[in-house]
Amino acid sequence: MIASETPVLAVLCGDTRPPDMRAIEAEAVVRYTDAAGLADALSGADAFFVYDFLSTAVPGAWHAADRLRWLHIASAGVDPVLFPGLQESDVVLTNSRGVFDGAIAEYVLGVVLTFAKDFARSWDLQKQRQWKHRESERISGRRVLVVGTGPIGRSIARMLRAAGMSVAGVGRRPRAGDPDFGDVYASSELSRHLPGADYVVAVAPLTEQTKGMFDAEAFGVMKPGSRFVNVGRGELVVTSDLIGALRDGPLGGAALDVFDTEPLPAESPLWTMENVLISPHMSGDFVGWRNTLVEVFADNFRRWRAGEALRNVVDKQLGYVPSETLRQG
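Think of each chain on its own: its residues are numbered from 1, step by step along the sequence as written. Confidence filtering applies because this is a predicted model: local features only for residues at pLDDT of at least 70, side-chain atom pairs given and counted only at 80 or more, and all residues used for totals across whole chains, interfaces and linings. The side-chain values count all of the structure's non-hydrogen atoms but skip hydrogen atoms and water molecules.

**Student:** How do you make sense of the packing of aromatic side chains when you look at a structure like this?
**Tutor:** Any pair of aromatic rings gets described here by the distance separating the centres and the angle formed by the planes. Here a pair means two rings of Phe, Tyr or Trp (six-membered ring of Trp) with centres within 6.5 Å. Their orientation is stacked below 30 degrees between planes, edge-to-face above 60, and tilted elsewhere. Taken as a whole and assessed by the stated rule, the structure comprises 12 aromatic pairs. An angle of 85 degrees between the planes, with centres 5.3 Å apart, marks the rings of Trp62 and Phe83 as edge-to-face. Taken together, the residues span a long stretch of sequence, with Trp62 in the loop between helix H3 (58-61) and strand S4 (70-73) and Phe83 in the loop between S4 and helix H4 (84-87) at a distance of 21 residues. The residues Trp62 and Phe83 share a single accessibility class, namely buried. Each ring, one from Phe301 and one from Trp304, has its centre 5.9 Å from the other, and the planes form 45 degrees; the classification is tilted. With Phe301 and Trp304 both in helix H11 (residues 289-306) and 3 residues apart, the pair spans about one turn of that helix. A residue is classified by how much of its surface remains accessible, and Phe301, at 4% relative accessible area, is buried. Numbering of helices and strands runs from the N terminus, with a helix taken as a DSSP run of H or I at least four residues long and a strand as a DSSP run of E at least two residues long. Buried means the residue's accessible area, taken with a 1.4 Å probe over protein chains only, is under 20% of the maximum for its type, while exposed means over 50%, and partly exposed covers the values in between.

Right under this line is the structure:
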């Protein structure tokens, strides 16, 4: 529907406002707000830009969204805004898929190489001025199971395959001959394929079906010495079970960019485990990423104002953008 009058746009900010919103400010009445003022900002708003994509404030303020037609979140994951009130409404939900794919794939390749080449230990020895020769691993030919076959998972698969690794995927529907994964296995058969993987990369969207999918049972069947990488959502993992698998086996290591509680509490055993690499939810955050997020929103805002089809429309029941929609966009 083409907006004939100046629309009202609510923007949920964190510590800072989104950069370079001038073009949008020229076309809309923009209400910048923090969590405390969100209900007032949503009242009478036509569109809503969730720039602070880690905020949990949206469900509590949703009662004030009395004429909202479109919500865009500045992330690929939509779990912070995927609550019954939104799911049951007519509000269109879009996300920022495509912004972080390459950066996250590079991160995953980086931690795989860090494990294989023992870079963390080399850095520790360097600081101690110790010359200690060791042998390192090859990554060529090692088997990787990427759990999550959306655009980020595909970018990871392409990157690791280019480095000589053998890659397969786990997704909603099984298939053979996929151009990026080769074989894609059904999520229901995850436990059958975990034992053959040297590296398991979690990048699945957070849904009721995927929450806690990596638990003691899943870790228990993984290959001895295998490594686990989580660049999806912290809630995909039962953290206590992960800690047990790292302490007592079979896991040989883990690279963790996301956690069920963020920031990671100072008392977490993960901080001091020698076989764990921790980063603060930054695997996709390249220099300039905030500007790119605004560019994605601005493109969809132009489309929305012109009555054109929006990009990255999320299926609110599935919790992600269906692959068919991505191909059409």
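**Student:** Would you mind showing me how to read the sheet that holds strand S5 (residues 92-94) here?
**Tutor:** By definition, two strands form a pair when at least two bridges between them are found by DSSP. What the 5 strands build is an open sheet, ordered S2-S1-S3-S4-S5; its pairing is parallel. The open sheet has two free edges, formed respectively by strand S2 (29-33) and S5, since each of these has just one partner strand. Sheet twist, expressed as the mean angle between neighbouring strand axes with direction ignored, is 15 degrees. Sheet analysis places strand S1 (residues 8-12) next to S2, joined by 5 bridges and oriented parallel. Every axis corresponds to a line fitted to the C-alpha atoms, with the helix fit spanning only the stretch in contact, and the corresponding angles, defined between N-to-C directions, vary from 0 to 180 degrees.

**Student:** Would you mind going over the side chain of Arg233 with me for this structure?
**Tutor:** Looking at the secondary structure, you find Arg233 in the loop between strand S11 (227-230) and helix H10 (239-248). For this analysis, residues touch if any pair of their heavy atoms sits within 4.5 Å. Residues within four places of Arg233 in sequence aside, it is in contact with Ser75, Gly77, Asp79, Leu206, Val258 and His281.

**Student:** When you look at helix H7 (residues 151-162) in this model, what are you seeing that I'm missing?
**Tutor:** Given 3.6 residues per turn, any residue in an α-helix points the same way as the ones three and four places further on. Helix span, as expected, comes to 1.5 Å for every residue beyond the first. Compared with the 16 Å implied by 1.5 Å per residue over 12 residues, the 17 Å span of H7 between its first and last C-alpha is a close match. Taken together, the buried positions of H7 are Pro151, Ile152, Gly153, Arg154, Ser155, Ile156, Ala157 and Leu160. Positive backbone phi, approximately 95 degrees, marks Gly164, located one or two places after H7.

**Student:** Where do I start with the sheet that holds strand S9 (residues 182-186) in this structure?
**Tutor:** Strand pairing in a sheet relies on backbone hydrogen bonds, with the paired strands running either antiparallel or parallel. Taken in spatial order, the 8 strands of this open sheet run S8-S9-S7-S6-S10-S11-S12-S13, and their pairing is mixed. Looking at which strands have only one partner, the edges of the open sheet turn out to be strand S8 (175-178) and strand S13 (276-278). Between one strand axis and the next, the sheet turns through 20 degrees on average, direction left out of account. With 3 bridges joining them, strand S7 (residues 166-171) and S9 adopt parallel strand pairing. Bridge pairing links Val170 to Tyr185 in S9. Across the sheet, H10 lies against S11, strand S12 (253-256) and S13, angled at about 145 degrees from S12, the strand it touches most.

**Student:** Before we go on, may I ask you to explain the pattern of salt bridges in this structure?
**Tutor:** Side chains that differ in charge, positive against negative, can pair when their charged atoms come close. Salt bridges are counted wherever a side-chain nitrogen of Lys or Arg sits within 4 Å of a carboxyl oxygen of Asp or Glu. Applying the stated criterion across every chain, the model contains 19 salt bridges. When the shortest N-O distance is used, the salt bridge between Glu27 and Arg305 registers 3.7 Å. Placement of the pair is Glu27 in the loop between helix H1 (22-25) and S2 and Arg305 in helix H11, with a sequence separation of 278 residues. Judged by relative accessible area, which is 19%, Arg305 ranks as buried. Ionic contacts of the salt-bridge type, sharing partners, join the residues Arg154, Arg158, Arg175, Asp178 and Asp180 into one network.

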